[in-house]
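Overview (structure and organization)
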Amino acid sequence: MEESGSRRRLIRGFGDDVLLRIFAHLTLRSLAQCAVVCKYWNKLIESSSLLWRTMYTKNYKTLKATVGLTFMSKIAKLSLPRSNNETVTDWKSRAVQEEQCAQLLSGSISIQPWKAHRGRVNCCRMMMDYIASGSSDRKIRIWSSKSRHYMEEYTLPTSAAIVDLDFDTNKILGIAGAELYIWRRDGKRRLLRQMGGHNQRLYSIHVDPEVSVGCEDGAIRIFDLYGGGCSSIIRQHTEAVTGVGVNADLHLLASCSRDGTVKLCDSFSGEKVASLSSKSSLAAHCLQVISDGLNKLVVGTASGHLHCWDMRMHHLLWKSKVSNGAITSVHHQPYGASILCVGGFDGIIRVVDCTSGHILSAFGCRKNVHYNHTSISKSPSVITKAPKEGFTKLGSEVLATSGSQSARDSLLKDSFNVTRCLPPQLAHRLSDDFASGMLNRNDPPILSVRLGMTKLVSSHPDGTLALWEFGL
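Residues numbered from 1 in each chain as written. Predicted model: local features only at pLDDT ≥ 70, side-chain atom pairs only at ≥ 80, totals over all residues. Heavy atoms only, no water.

Description of the packing of aromatic side chains
- As enumerated under the stated definition, the model contains 9 aromatic pairs in all.
- On the basis of an interplanar angle of 20 degrees and a centroid distance of 5.9 Å, the ring pair of tyrosine 181 and tryptophan 183 is categorised as stacked. Neither tyrosine 181 nor tryptophan 183 differs from the other in exposure class; each is buried.
- Pairing phenylalanine 363 with phenylalanine 470 gives two aromatic rings, centres 5.5 Å apart and planes at 65 degrees, and the pair type is edge-to-face. Linking phenylalanine 363 in strand β25 (residues 359–364) with phenylalanine 470 in strand β33 (residues 464–471), this pair joins segments that are 107 residues apart in sequence.
- Among the aromatic residues, those joined into a ring-pair cluster are Tyr56, Tyr60 and Trp91.
- Positioned above the aromatic ring of tyrosine 56, the side-chain terminus of arginine 94 is 5.8 Å from the ring centre.
- Here the basic side chain of arginine 141 rests over the ring of tyrosine 150, its NZ or CZ set 4.4 Å away from the ring centre. (Phe/Tyr/Trp six-rings, centres within 6.5 Å; stacked < 30°, edge-to-face > 60°. Buried < 20%, exposed > 50% of the residue type's maximum accessible area, 1.4 Å probe, protein only. Helix = DSSP H or I, 4+ residues; strand = E, 2+ residues; numbered from the N terminus. Lys NZ or Arg CZ within 6 Å of the ring centre and 35° of its normal.)

Re unusual backbone geometry
- You will see that arginine 138, though not glycine, has its phi angle at about 75 degrees, which is positive.
- Residue arginine 138 is classed as partly exposed on the basis of its relative accessible area, which comes to 28%.
- Non-glycine residue arginine 148 carries a positive phi angle of around 60 degrees.
- The topology assignment puts arginine 148 in the loop between β4 (139–144) and β5 (150–155).
- Judged by its relative accessible area of 15%, arginine 148 falls in the buried class.

Description of the nonpolar core
- Ile349, Val351, Phe363, Leu456, Trp468 and Phe470 are the most contacted members of the largest nonpolar core, which has 24 residues in total.
- Discounting residues that sit within four places of it in the chain, isoleucine 349 has contacts with Cys341, Val342, Ser361, Ala362, Phe363, Ile446, Val449, Leu456 and Trp468.
- Residues Leu28, Ala35, Tyr56 and Ala95 belong to the second largest nonpolar core, which totals 16 residues. (Core = buried A, V, L, I, M, F, W, Y, C linked by side-chain atoms within 4.5 Å. Contact = heavy atoms within 4.5 Å.)

So, the sheet that holds strand β20 (residues 305–310)
- The strand order across the open sheet built from 4 strands is β18-β19-β20-β21, with neighbouring strands paired in antiparallel fashion. Looking along the sheet, the strands with just one partner apiece sit at the ends: β18 (284–290) and β21 (315–321). Going from strand to strand, the sheet's axes swing by 20 degrees on average, the running direction of each strand aside.
- In this sheet, β20 lies alongside strand β19 (residues 296–301) in antiparallel orientation, the contact comprising 5 bridges. If you follow valine 298 over to β20, its bridge partner there is cysteine 308. (Pairing = 2+ DSSP bridges. Axes fitted to C-alpha atoms, helices over the stretch in contact; angles between N-to-C directions.)

Considerations on the environment of leucine 105
- Checked against the element boundaries, leucine 105 lands in helix α7 (residues 88–106).
- For the pair leucine 105 and valine 67, spaced 38 residues apart in sequence, the C-alpha to C-alpha distance is 9.8 Å.

Details of a nonpolar patch on the surface
- On the surface, Phe14, Val18 and Ile22 cluster together into a nonpolar patch covering about 260 Å² of accessible area.
- Structurally, phenylalanine 14 is set in the loop between α1 (2–12) and α2 (16–23). (Patch = residues over 30% accessible without salt bridge, like charges linked within 9 Å, V, L, I, M, F, W, Y side chains within 5 Å. Areas by Shrake-Rupley, 256 points an atom, 1.4 Å probe, with all protein chains shown as cover. Salt bridge = Lys/Arg side-chain N within 4 Å of Asp/Glu carboxyl O.)

As for the packing of α2 against helix α4 (residues 39–47)
- Two numbers describe how α2 lies on α4: the axes approach to 11 Å, and their chain directions differ by 70 degrees. Judged by the inter-axis angle, α2 sits roughly perpendicular to α4. On α4, the residues that touch Asp16, Leu19, Leu20 and Phe23 of α2 are Tyr40, Trp41, Leu44 and Ile45.
- Looking at the contact of α2 with α4, its residues break down into 7 nonpolar, no polar and 1 charged. (Parallel < 35°, antiparallel > 145°, perpendicular 65-115°, else oblique. Nonpolar A, V, L, I, M, F, W, Y, C, P; charged D, E, K, R; others polar.)

Some details on the sheet that holds strand β22 (residues 327–331)
- With antiparallel pairing, 5 strands are arranged side by side in an open sheet as β22-β23-β24-β25-β30. The strands lining the two open edges of the sheet, one partner per strand, are β22 and β30 (428–429).
- As paired strands, strand β24 (residues 349–353) and β25 are joined by 4 bridges and run antiparallel to one another. Bridge pairing links valine 352 to isoleucine 359 in β25.

Remarks on the pattern of salt bridges
- Scanning the model with the defined rule gives 11 salt bridges in all.
- Taking the shortest distance from any N to any O, the salt bridge between lysine 455 and aspartate 129 comes out at 3.0 Å. Of the two residues, lysine 455 is situated in strand β32 (residues 455–459) and aspartate 129 in the loop between β2 (121–127) and β3 (130–135); the sequence distance between them amounts to 326 residues.
- A salt bridge links lysine 139 to glutamate 153; the nearest nitrogen and oxygen atoms lie 3.6 Å apart. Separated by 14 residues along the polypeptide, lysine 139 in strand β4 and glutamate 153 in strand β5 bring together distant segments of the chain.
- Given the relative accessible area of 16%, lysine 139 is considered buried.
- According to the relative accessible area criterion, glutamate 153 is partly exposed, its value standing at 24%.
- Members of the salt-bridge network, linked through shared partners, are Asp129, Lys146 and Lys455.

Comments concerning the confidence of the model for the protein chain
- Per-chain confidence: the protein chain averages 80 in pLDDT, with 77% of residues scoring 70 or above.
- Predicted confidence in the protein chain is weakest over strand β26 (residues 391–394), with a mean pLDDT of 32, and strongest over β3, with 96.
- Across residues 368–419, where pLDDT falls below 50, the model places 102 contacts with residues more than four positions away in sequence or in other chains. (pLDDT = per-residue confidence, 0-100.)

Structure, rendered in structure tokens:
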């Protein structure tokens, strides 16, 4: 107790002014790390408007020296609008947004693909340094973005494919077939609940805080995590609901469907509020709700168009043709609401300005990775012996490429944590012709994409995940 007390006195002994002077010399990443040292430092960092104004000014000068004044002027237009009364949140958000925009629009890009599942990876999520993936092989895996080894695995009790998922530090939710599955992320990793009973295939999921799922019959079913059953059914569409999202500020539930309609309803009562689109040719595939005061709804379609609506006024803000192929995934970060990350069947990642729909940057990799007859294993330390008959040694890994089924099963049973990784690849920023999808490329199709601060993850039909890392 005396030792811990002396540490607390040492941390506080510098005084607020001295600590703020020290913090002002750090980078944004280092400052974020200091904010989790203790509650005292966290409160000091979070509440100091002068610190964040200093950090923004210093970071702006550094970025300007790196990418140039012209490019910084372009990035500054994407950040929050200036006001006379700047708050801590304004300075913090602007500094983070400009850092992210500089990384995405002008930084170098390296790609690290790896074989994650034996089936197609239908969905992926990213939270800090953890990546969750769901596949048609009935498995959900939690990966480390640093080592690309999977640390947790959850298997469905049925033969259905994982269609969509969500996760946090305590639980994992996945939909497969007509069932919603909830696993507990503790040492036992047990299946906590299995909810269904309506015999309707599920297509999409949103958790905030209740679980909203889009169903094949055009309805949205709301599940109560604590009660363990369906609490309400909202019938909005005539065909499968492919995307669901909630705007907590306006208390609106948004949904899109294969029938081409995009609709809003009250998130509490389920009462219909507005029908934003009634065109049957729209064939919406995905949606993204942008809150944080912007109150926008972006929908990606099978024709390669993005549509953006004002959720408060219920009118179309812009429509943009960004690809010749179907758009399968749209994502944005709360701190980077001025930009969207878009992925589709053409395999190209696009960064789009959410205020105008213009493509700011696009990048892809021509190398289509194949993993035919390659087994996934789980730990490098247990397969360092010389390969037996039917196995191929590649570096420190042994890959089951042929031989008897029992030999391959034996290798997989004894192993624990190695993935089949390829050397990092450099992505190519594309010209305007490629960015608008007017030319054909040989990029692997993208089924899902999730954006972080300096990286994004994408999932692909060949069972692979790809981590895209950006740097100045």
